[in-house]
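Overview (structure and organization)
Each chain, letter by letter, is given below.
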Amino acid sequence: MSREGVVAKRYAKALFELAQSNNAVADVEKQLKIVVDVLSGDAQIRKFLGLPNVEVSKKIDIVRGALSDTVSVMVLNTVELLIIRGRQAAIADVYEAYTKVAGDALGQAHATIYTAKSLSAEELSKVSAQFGTMIGKRIIAKQIVEPALLGGVQVRIGDRLYDGSLSGKLARLEQALKTQAL
């Protein structure tokens, strides 16, 4: 794991422990997502926060002004600490690490479900339930339509990919035929 990943995980664990003691684990996760969307989503903000010649106090004032009405003091203090220590680029990594730490503690996992066509809410729920049973956690799913899959589904949970897509099966068949031909 990279140094930035280790740092992000430490911040995420500390924030999780604080959120857990305040019964706000899910709220903090939502607020961190807002922070990531606001700060990472705008190239000008990212550039401004990365400028070494701008005083840290000015950076914090702008972040406070943008976020104070939408996030808790816990989240705001964490973001400010990252900025003070020059680690503002790690905010998205902290969010990712936080979702993993919170998911592990709460028995849930985030999954991305890739399908060739859009699934109904009921179908998405069934796929989530099936994978939840398989890994022993409650799945929080988001769907991405990927027409190149041709059919079937691919499910990414953490760093693991479950490939039940038609394109994946064809690729495996092609590989098997090539191996046998040799």
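Each chain carries its own residue numbering, running from 1 in the direction its sequence is written. Where local features are concerned, this predicted model is filtered to residues with pLDDT of at least 70; where side-chain atom pairs are given and counted, the filter is 80 or more; whole-chain, interface and lining totals use all residues. The basis for every side-chain value is the complete set of heavy atoms in the structure, and neither hydrogens nor water enter the calculation.

Some remarks on the packing of aromatic side chains
Stacked, edge-to-face and tilted labels apply to pairs of Phe, Tyr and Trp rings (six-membered ring for Trp) whose centres lie within 6.5 Å, assigned for plane angles under 30 degrees, over 60, and everything in between, in that order. A full pass over the atoms with the stated rule returns two aromatic pairs. Centre to centre, the rings of Phe 131 and Tyr 162 are 5.3 Å apart; their planes meet at 55°, and the pair counts as tilted. Residue Phe 131 is located in helix H7 (residues 121–135), and its partner Tyr 162 is located in strand E4 (residues 160–163); the two are separated by 31 residues in the primary sequence. The buried category is assigned to Phe 131, whose relative accessible area is 13%. Each residue is assigned to one of three classes by its accessible area relative to the maximum for its type, calculated with a 1.4 Å probe on protein chains only: buried under 20%, partly exposed between the two thresholds, exposed over 50%. Exposure remark for Tyr 162: the relative accessible area of 21% places this residue in the partly exposed category. Numbering of helices and strands runs from the N terminus; a helix is a DSSP stretch of H or I covering at least four residues, while a strand is a stretch of E covering at least two.

Considering the sheet that holds strand E2 (residues 138–145)
Two orientations exist for strands paired in a sheet by backbone hydrogen bonds: parallel and antiparallel. Taken in spatial order, the four strands line up as E2-E1-E3-E4 in an open sheet, and their pairing is mixed. Strands at the two margins of the open sheet, each flanked by one partner only, are E2 and E4. Between one strand axis and the next, the sheet turns through 20° on average, direction left out of account. Contacts between residues were defined by any pair of non-hydrogen atoms, one from each residue, lying within 4.5 Å. The axes used here are C-alpha line fits, helices contributing only the stretch in contact, and every angle between their N-to-C directions lies in the interval 0 to 180 degrees. Seen against the sheet, H7 touches strand E1 (108–115), E2, strand E3 (153–157) and E4 and runs at an angle of roughly 135° to E2. In this analysis, strands are considered paired if DSSP registers two or more bridges between them.

Topic: the domain arrangement of the protein
When the domains of the protein are assigned, the result is domain 1 (3–104) and domain 2 (108–180). The gap between the C-alpha centroids of domain 1 and domain 2 is 31 Å. The start and end points of each domain follow an automatic or database-based domain assignment.

Considerations on H7
Take the number of residues in a helix, subtract one, and multiply by 1.5 Å to get its expected span. For H7, built from 15 residues, the straight-helix expectation of 21 Å at 1.5 Å per residue is met to within 8% by its first-to-last C-alpha distance of 21 Å. Restricting attention to buried positions, one finds in H7 the residues Leu 124, Val 127, Ser 128, Phe 131 and Gly 132. In an axial view of H7, the angular spread of the buried residues amounts to 135°, which keeps them on one side of the axis. Turned more than 90 degrees away from the buried face of H7 sit Glu 122, Lys 126, Gln 130 and Thr 133, all of them exposed. Looking one or two places after H7, you find Gly 136, whose phi comes out positive at around 80°. Directions pointing from the helix axis toward each C-beta atom define the arc.

Some remarks on the pattern of salt bridges
For this document, the term salt bridge refers to a Lys or Arg side-chain nitrogen within 4 Å of an Asp or Glu carboxyl oxygen. Counted by the stated rule, this structure contains seven salt bridges. Notably, a salt bridge pairs Lys 33 with Asp 37, separated by 3.2 Å at the nearest N-O pair. One end of the pair is Lys 33 and the other is Asp 37, both in helix H2 (residues 25–41) and four residues apart, which spans about a single turn. According to the relative accessible area criterion, Lys 33 is partly exposed, its value standing at 36%. Look at Asp 37 and you get partly exposed, because its relative accessible area is 44%. One salt bridge connects Lys 100 with Asp 104, and the closest N-O pair in it is separated by 3.4 Å. With Lys 100 and Asp 104 both in helix H6 (residues 91–106) and four residues apart, the pair spans about one turn of that helix. Each of Lys 100, Asp 104 and Lys 137 takes part in salt bridges that share partners, so that together they form one network.

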